[in-house]
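Structural description and commentary
These are the residues of each chain, in order.
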Amino acid sequence: MVNVFCLFSVFNATTSCTDELVEESSDDMGSAEAVSVDNEKFGNTIILGKKLNNPYSLKNMQAAYDSLCMASGVATRSVDMLQPTHLYVRFLPKDSVDINRLDKEKLDLFCYPLDYDVEQWGDYYHDPSIPEDQPTWQYTRVPVGYDFPDVQYEILDTCFIPEDEDEVETRMAGNAFSLGDLEDAAYEHSGNGDMLVKDELRAKHSPCGTFTVYNDSTGRYEGVAGIAVRMGKFVKWFHVYTDRDGYYFTKSTFRTDPHYWIYFDNKKGFKIGSWSVFANARLCAMGKHSNKGYSHAFEMGSDMWAHCNVNNAAYYMYENYESYIPSDMRLWVLDNAGKGSAAMLGHNTASKQKVMAVMGASLGLGAAAVDKLIPALTALAPDIIVGAEGKKSWKLYETTFHELAHSMHFKKVGKNYWNKYIDGIIELRNKGLYGYSDKDSPFSGYIGVGETWGYAMGYYMANKKLYPWTGSPDTTYWFKPHKTKELLDDKDITPLQFLNCMEGSVTDLHTLNAKLTSKYNVSKNLYY
């Protein structure tokens, strides 16, 4: 059985309010380390190596400062004592309530200690001293004076983390040396001098690069748009986001080759996670690479390929309809499931019944297995599920567009309406029927309205984005989504005009048709 809390609490990918948001032209590619093939595996457990001496500890920084002063002939005084800037801490959440408390703090949490060498990168680590059915330690840095939440924590070290230098380096000790010199000296003093890049110029570099994914529909590598890229070493790291072409650039500089991570915590406001890693957003630990930058292409068959395609589809949908999509959307991509859903569990529609029905069907688990996961599933339940099994790019895009169209409908009609829509689908599934195969079942009217819109928009947007690859909904569905798509294709009505007719009072296709006719002169016999 999957270790729920180990995976549930791994790598909170919420970006902090101090992140950089830099979008530069991809013409300025610098000299990023290019990786054209996906030759790294993800999803493995992190294996730690030896414990390292943290160069950013106040003790090491002060010793480095004193040694530089001595070498420069500058006398140190008590007033020259460095002042701590951050605390290196770890939290031990006891349950999903504590995890949600930490989530609200907007901290960058790691489930492994940051002052250890890593022999094998992976998606998660569980402290062996913590029982496997309990959450593991979460590591991060916080500023001095931080107001800790009501979650067990431990201060591991007091740190001095220099701010990144401007073009004119900050000088110290009467202009004797710079912050950069101090940082280098701290690495040497702590026994980590071999991590410094010893080129002829002893240069610092600003990393840049591009993350791309192969789209088999277009036959091109396309940028992974809007994802968070983190790079750093020990307790010092920085964030940037990729632009729509997958390019990133940071003004922050490194003398060491940093570790790189990417997070599916998109700057558009949605997060993509998965069943295999219970977290708000999926993490890819990319390992250590050049301080000049790092580029990576995700090929078909890689663990993150479907995530990247779903990310790009969602980004495109947000570019067109962002103000009509609910805020803080949480998507899951399930590699071993084929179906999708938009139960909007993350927007307070989650009851035990819904979680068991929706997640059980999506994950292929029985009621007893899902029941054990209810606390975790309820706390981090997704709004949308995209089943990726057996799907190529076109179908991943279509499914993502379909489910996000449902979220637009949800935002317009609200939770009470949506509960009836989802309850109707659940009831049919409990009878062994497909989610909307019976037009005469309870709440079938809600289902018909929702699905004619969802299917039509899924195909409409996929055709628009991936032309000349095209498709059309099944003409045998009783709610006739092909008719709705024809309205959009022929420009008889725009998607937003159609959405405008889907009010809370529209609970069946008859009423929907009447609204379309009265507002936009659509045929009275569209669905019948």
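First, a word on scope: everything that follows refers to the structure included in this document. (Residues numbered from 1 in each chain as written. Predicted model: local features only at pLDDT ≥ 70, side-chain atom pairs only at ≥ 80, totals over all residues. Heavy atoms only, no water.)

Along the backbone of the protein there are 13 helices and 18 strands. Across the 528 residues of the protein, 58% fall into the buried class. Counting only contacts in the protein whose residues sit at least 6 apart along the sequence, the fraction spanning at least 24 positions is 75%. Put simply, the protein shows about 21,800 Å² of open surface, and 48% of that area lies on carbon and sulfur atoms. (Helix = DSSP H or I, 4+ residues; strand = E, 2+ residues; numbered from the N terminus. Buried < 20%, exposed > 50% of the residue type's maximum accessible area, 1.4 Å probe, protein only. Contact = heavy atoms within 4.5 Å. Areas by Shrake-Rupley, 256 points an atom, 1.4 Å probe, with all protein chains shown as cover.)

This part is about helix H3 (residues 96-104). Buried within H3 are the following residues: Ser 96, Asp 98, Ile 99, Leu 102 and Asp 103. Taken around the axis of H3, the buried residues stretch over an arc of 155°, which confines them to a single face. Two to three positions downstream of the cap, the backbone nitrogen of Val 97 sits 3.1 Å from a side-chain oxygen, assigning the N-cap of H3 to Asp 95. Just beyond H3, the residue with positive phi is Lys 106, at close to 60°. (Arc of directions from axis to C-beta. Polar contact = N/O pair within 3.5 Å; in protein donor to acceptor, adjacent residues only side chain to side chain.)

A few words on the nonpolar core. Soluble globular proteins tend to bury their nonpolar side chains together. Grouped together as the largest cluster of nonpolar side chains are 85 residues, with contacts concentrated most on Phe 211, Met 317 and Leu 512. Looking at this core element by element, the count peaks at twelve residues for helix H10 (residues 444-466). One finds Met 61, Phe 110, Tyr 112 and Val 235 within the second-largest nonpolar core, a separate group that totals 41 residues. (Core = buried A, V, L, I, M, F, W, Y, C linked by side-chain atoms within 4.5 Å.)

Judged by how many residues are buried, strand S17 (residues 329-334) sits mostly within the fold: six of six residues are covered. By the alternation rule, side chains of S17 split into Met 329, Leu 331 and Val 333 and Arg 330, Trp 332 and Leu 334, which are all buried. As paired elements, strand S14 (residues 270-273) and S17 share four bridges and run parallel to each other. Note that in S17 the partner of Ile 272 across the bridge is Leu 331. Sheet topology note: the S17/strand S18 (residues 384-387) ladder contains four bridges and is parallel. (Pairing = 2+ DSSP bridges.)

Attention now goes to the packing of helix H5 (residues 305-321) against H10. At a minimum axis distance of 11 Å, the contact between H5 and H10 shows a crossing angle of 100°. Overall, the two elements H5 and H10 adopt an arrangement that is roughly perpendicular. Contacts between H5 and H10 pair Tyr 316, Met 317, Asn 320 and Tyr 321 from the former with Met 457, Met 461, Lys 464 and Lys 465 from the latter. Looking at the contact of H5 with H10 residue by residue, the class counts come to five nonpolar, one polar and two charged. (Axes fitted to C-alpha atoms, helices over the stretch in contact; angles between N-to-C directions. Parallel < 35°, antiparallel > 145°, perpendicular 65-115°, else oblique. Nonpolar A, V, L, I, M, F, W, Y, C, P; charged D, E, K, R; others polar.)

Summed over the entire model, instances satisfying the criterion amount to 15 salt bridges. One continuous salt-bridge network, built from bridges that share partners, spans Lys 94, Asp 98 and Arg 101. (Salt bridge = Lys/Arg side-chain N within 4 Å of Asp/Glu carboxyl O.)

For the rest of this paragraph, the subject is the sheet that holds S18. With parallel pairing, the three strands of this open sheet are ordered in space as S14-S17-S18. The open sheet terminates on both sides in strands that have one partner only, identified here as S14 and S18. In this sheet, adjacent strand axes meet at a mean angle of 25° when their direction is disregarded. Its contacts with the sheet place H5 against S14, S17 and S18, and it is angled at close to 160° to S14. The strands touched by helix H8 (residues 393-413) are S17 and S18; relative to S18, the strand with the most contacts, the crossing angle is about 165°.

Taken together, four strands build an open sheet; the order of strands is S11-S10-S13-S15 and the sheet is antiparallel. If you trace the sheet from one side to the other, it starts and ends with strand S11 (236-241) and strand S15 (283-288), each paired once. The average undirected angle you get between the axes of adjacent strands in this sheet is 20°. By the bridge criterion, six bridges tie strand S10 (residues 228-233) to S11 in an arrangement that is antiparallel. By the bridge assignment, Lys 233 is partnered in S11 with Lys 236.

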